[in-house]
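Chain and residue survey
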Amino acid sequence: MAERVYNVLFLCTGNSARSILAESILNRDGQGRFRAFSAGSQPKGEVHPFAISLLRKMNHPIDGLRSKSWDEFAADGAPIMDFVFTVCDNAANEVCPVWPGQPMSAHWGLPDPAAVEGSEAERHLAFADTYRLLANRIGIFTSLPMKSLDRLSLQKRLSEIGRNFTQTA
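Thresholds applied
Residues numbered from 1 in each chain as written. Predicted model: local features only at pLDDT ≥ 70, side-chain atom pairs only at ≥ 80, totals over all residues. Heavy atoms only, no water. Helix = DSSP H or I, 4+ residues; strand = E, 2+ residues; numbered from the N terminus. Rg over C-alpha atoms; globule rule 2.2 N^0.38 Å. Expected span 1.5 Å × (residues − 1). Buried < 20%, exposed > 50% of the residue type's maximum accessible area, 1.4 Å probe, protein only. Contact = heavy atoms within 4.5 Å. Pairing = 2+ DSSP bridges. Axes fitted to C-alpha atoms, helices over the stretch in contact; angles between N-to-C directions. Left-handed = near helix turned anticlockwise from the far one by under 90°. Nonpolar A, V, L, I, M, F, W, Y, C, P; charged D, E, K, R; others polar.

Scanning the protein for helices and strands turns up five helices and four strands. For the protein, the sequential pattern of α-helices and β-strands runs β-α-β-α-β-α-β-α-α. A globule of 169 residues ought to have a C-alpha radius of gyration of about 15 Å, and the protein, at 15 Å, matches this closely. Principal axes of the C-alpha set define a box for the protein whose edges measure 50 × 35 × 30 Å.

Looking now at helix H4 (residues 120-142). At 3.6 residues per turn, the α-helix brings residues three or four places apart onto the same side. If you check H4, its first and last C-alpha atoms are 33 Å apart, about what 23 residues at 1.5 Å a residue would give, namely 33 Å. Looking only at H4, the buried set comprises Ala 126, Phe 127, Thr 130, Tyr 131, Leu 133, Leu 134, Arg 137, Ile 138, Phe 141 and Thr 142. As for H4, its buried residues are in contact with strand S1 (6-12), helix H1 (18-29), strand S2 (34-40), helix H2 (49-57), strand S3 (83-86) and helix H5 (151-164).

With respect to the helices and strands, Glu 23 occurs in helix H1. Given the relative accessible area of 8%, Glu 23 is considered buried. Beyond its immediate chain neighbours, meaning those up to four positions away, Glu 23 contacts Phe 10, Ala 36, Phe 37, Ser 38, Leu 65 and Lys 68.

The four strands lie next to each other as S2-S1-S3-S4, forming an open sheet whose pairing is parallel. The open sheet has two edge strands, S2 and strand S4 (104-107), and neither has a second partner. Put simply, the sheet's adjacent strands are angled 20° from each other on average, direction ignored. Pairing analysis gives seven bridges linking S1 to S2, with the strands arranged parallel. Of the residues in S2, the one forming a bridge with Tyr 6 is Phe 34.

Our focus in this paragraph is the packing of H2 against H4. Relative to each other, H2 and H4 sit at 65°, their axes nearing to 10 Å. Here the hand of the crossing between H2 and H4 comes out right-handed. Two secondary-structure elements touch here, H2 through Phe 50, Ala 51, Ser 53, Leu 54 and Leu 55 and H4 through Glu 120, Arg 123, His 124, Phe 127, Ala 128 and Tyr 131. Of the residues contributing to the contact of H2 with H4, the split by class is seven nonpolar, two polar and two charged.

Structure follows, in structure tokens:
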């Protein structure tokens, strides 16, 4: 029997950097067990060029990545989400749409690499650091024993991932 595929939505206000990185990381590293999406409450309309550059460098597929509204995922016919993660503090504080299927959710906030000012090297480093933190969190998430955890235990673990894995060094 085929293993269940879990749908995961990563939310951020602009949907141009953090949520895009998370979507791409999980789609590759989830090894077919997860299908990731990303969206924003106020999408920028384009993916940040540094995010695209980093994903290419890390050998992630970039086809189909786009900045989009979270309304797409609350509409009729949208995929039913199993998990919804906010990756920025602004999106975590906004009133989200009601997601069909009552997905589990957690806040995995990270600083916005697109807001970093400085040299081009410093800005690229901010994106690389965000990528590393997201890859660590997603690695822990994908290794959770989904079938053996009850809903309450799983919710606790999801929240811990966002709280305990925030170090930048």
